[in-house]
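As a plain string of letters, each chain reads:
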Amino acid sequence: MSGNPYPLGLRLAGRRVVVVGGGAVATRRVPALLDAGAHVFLVAPELTPALRAHVDAGRLHWAPRRFAPDDLDGAWLVQVAVDDPLAAASVSAAAAERRIFCVRADDRAAATAWTPAVTRHGPVTVAVLGGGDPRRAMAVRDAVRALLDAKKGPLLTPAVEEGSLPYPQGGRVALVGAGPGDPELITVKGWRLLTEADVVVADRLVPGLLLDELRPDVELVDASKIPYGPSRGQEEINRILVDRALAGKFVVRLKGGDPYVFGRGGEELLACAAAGVPVTVVPGVTSSIAAPAAAGVPVTHRGVAHEFTVVSGHVAPDSPASLVRWEALAGLRGTLVVLMGLKNLTAITATLIAHGKPAETPAAVVQEATTGAQRALRSTLGAVAADVAAAGLRPPAVVVLGDVVDALADGAGVEGFPGSPLAPGGQA
């Protein structure tokens, strides 16, 4: 007896779900079950390393043996993830006897439930059944996902009953890291929240193409903090975030790199918390790691560096306001990454050398990493400040000091980013 499948969203939180099999199919299916809050009971003689990690973390229970019918006692759903038809059929029979829906990876026709092709976009989950054809379901799923990704506006925001407010004051703030410069390096969640925003408060280092995609009705607040030039006070930025949120707006504070890596995101969160405004923090790809990587420099490398340290160089080493112990950094064997240090680079390098760091330590500087304006040079600790001046490099730039600068010098380089790989003794 056949018929069209009846679509249904299963609420599995706190309910027992049995997964039979510990291979690739189970590896793909288990995370969604865990995300749904199911109590997953996995039966299999062996597990993939990914499934073993879930077991070790206590996220599911594993019985290291073959399936037994009483494994289904108390279960609401069973996922058969084995390629042995006889073993799968035995699980199906036990499930049918107990009136438990059974998904079968080996034989969809013999299953009593199908796993749809799924895409998630914030609060929206789209599940597609392709009439028994997984490829058709995936093609339709991908088309729907593309439409959701392109959609701007309130369609995908959380539903609110008329006359009610989703948050205590009606608004909220998201601190979103936009990444190092390439607009495609923002996280999926960060991009989604940006498309839902009523107000965007953006820094200078935010990728311009992200702002170009905002809805026409979005209020864009330019909070540029140009180094050593005009800037909007942090107190004013805090006030804008709080005021707009209290007025019922969804405010995205869009910041270059990561909100917390020298981004003053903590100050903004505290200001919102003091006003009772809910805050979501979305980490971003920090330039301290991305800039070296884009120029072919790994901040760690086996046998070369087992540590890396990120410091701000915007305050000169001899300034009473400096919180950096440069003399201690000079003694480290790992990688040193300096952000916002171009202005003080001469003083920084001289201080490190004075405290014992060899002048021949490899150095690299990457300007406007991951963008079309990326420039990079390779030098040494003793010569890098002069080389930067001669090359005319300017902020924003990241300085990398350590043997990792030369670790991939003989490699093929990094595709997709201008200025890579680094040219020995000069810029690329």
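What you see is a predicted model, and the numbers here were worked out from it, not measured in a lab.

(A) Structural view of the sheet that holds strand 11 (residues 250-255). Reading across from one edge, 10-9-11-8-12 is the order of the five strands in this open sheet, with parallel pairing throughout. Where the open sheet ends on each side, the last strands, each with one partner, are strand 10 (219-222) and strand 12 (279-282). On average, adjacent strands in this sheet sit at an angle of 15° to one another, irrespective of strand direction.

(B) Layout of the environment of R253. Following the sequence through the fold, R253 ends up in strand 11. In this structure R253 comes out as buried when scored by relative accessible area, which is 0%. Separated by 32 residues in the primary sequence, R253 and V221 have C-alpha atoms spaced 9.4 Å apart. Here V201 takes part through its backbone oxygen, which lies 3.3 Å from a polar atom of the side chain of R253.

(C) Up close: the side chain of S288. Locating S288 in the fold gives a position in helix 9 (residues 287-294). For S288, a relative accessible area of 4% puts it in the buried group. Sequence-distant contacts of S288, that is, excluding residues within four places in its chain, are made with V299, V310, V337 and L339.

(D) Region of the structure containing the pattern of salt bridges. Tallying each qualifying case throughout the model produces 18 salt bridges. Across the pair D106 and R104 runs a salt bridge whose closest N-O atoms are separated by 2.8 Å. Assessed through its relative accessible area of 30%, D106 is described here as partly exposed. The closest approach of N and O atoms between R239 and E236, which form a salt bridge, is 4.0 Å. Of this pair, R239 and E236 both sit in helix 7 (residues 234-246), separated by three residues, roughly a single helical turn.

(E) Quick look at the nonpolar core. Residues L336, L352, V365 and V388 are the most contacted members of the largest nonpolar core, which totals 22 residues. Of all the secondary structure elements, the ones that give two or more residues to this core are helix 10 (326-330), strand 14 (335-339), helix 11 (345-354), strand 15 (362-367), helix 12 (384-391) and strand 17 (397-401). Here this core gets four residues from one element, more than from any other, and that element is helix 12. Residues within four places of V365 in sequence aside, it is in contact with L342, R375, A376, L377, V384, V388, L393, A397, V398 and V399. By size, the runner-up hydrophobic cluster in this structure holds 19 residues, among which are A38, A44, L47 and L77.

(F) How the structure looks around the packing of helix 7 against helix 8 (residues 265-274). Between helix 7 and helix 8, the least distance of the axes is 9 Å, while the angle of their chain directions is 45°. As far as their axial angle goes, helix 8 and helix 7 are oblique. As for the relative orientation of helix 7 and helix 8, their crossing is right-handed in sense. Contacts from Q234, I237, N238, L241 and V242 of helix 7 reach helix 8 at E267, E268, A271 and C272. Looking at side-chain class alone, the contact of helix 7 with helix 8 contains five nonpolar, two polar and two charged residues.

(G) Seen up close, the sheet that holds strand 13 (residues 308-312). Spatial ordering of the open sheet is given by 13-14-17-15-16, a layout of five strands whose pairing is mixed. The two strands at the open ends of the sheet, each matched to only one other strand, are strand 13 and strand 16 (375-380). Neighbouring strand axes in the sheet, compared pairwise and without regard to direction, differ in orientation by 20° on average. Bridging between strand 13 and strand 14 involves five bridges; their strand directions are parallel. Within strand 14, the residue paired with T309 across the bridge is L336. Across the face of the sheet, helix 12 comes into contact with strand 15 and strand 16 while running at roughly 150° to strand 16.

(H) Region of interest: the packing of aromatic side chains. Counted according to the given criterion, the structure contains zero aromatic pairs. Sitting over the ring of F41, R16 keeps its end group 4.4 Å from the ring centre. Between the NZ or CZ atom of R108 and the centre of the ring of W114, over which it lies, the distance is 4.7 Å.

Conventions adopted
Residues numbered from 1 in each chain as written. Predicted model: local features only at pLDDT ≥ 70, side-chain atom pairs only at ≥ 80, totals over all residues. Heavy atoms only, no water. Pairing = 2+ DSSP bridges. Helix = DSSP H or I, 4+ residues; strand = E, 2+ residues; numbered from the N terminus. Axes fitted to C-alpha atoms, helices over the stretch in contact; angles between N-to-C directions. Buried < 20%, exposed > 50% of the residue type's maximum accessible area, 1.4 Å probe, protein only. Polar contact = N/O pair within 3.5 Å; in protein donor to acceptor, adjacent residues only side chain to side chain. Contact = heavy atoms within 4.5 Å. Salt bridge = Lys/Arg side-chain N within 4 Å of Asp/Glu carboxyl O. Core = buried A, V, L, I, M, F, W, Y, C linked by side-chain atoms within 4.5 Å. Parallel < 35°, antiparallel > 145°, perpendicular 65-115°, else oblique. Left-handed = near helix turned anticlockwise from the far one by under 90°. Nonpolar A, V, L, I, M, F, W, Y, C, P; charged D, E, K, R; others polar. Phe/Tyr/Trp six-rings, centres within 6.5 Å; stacked < 30°, edge-to-face > 60°. Lys NZ or Arg CZ within 6 Å of the ring centre and 35° of its normal.

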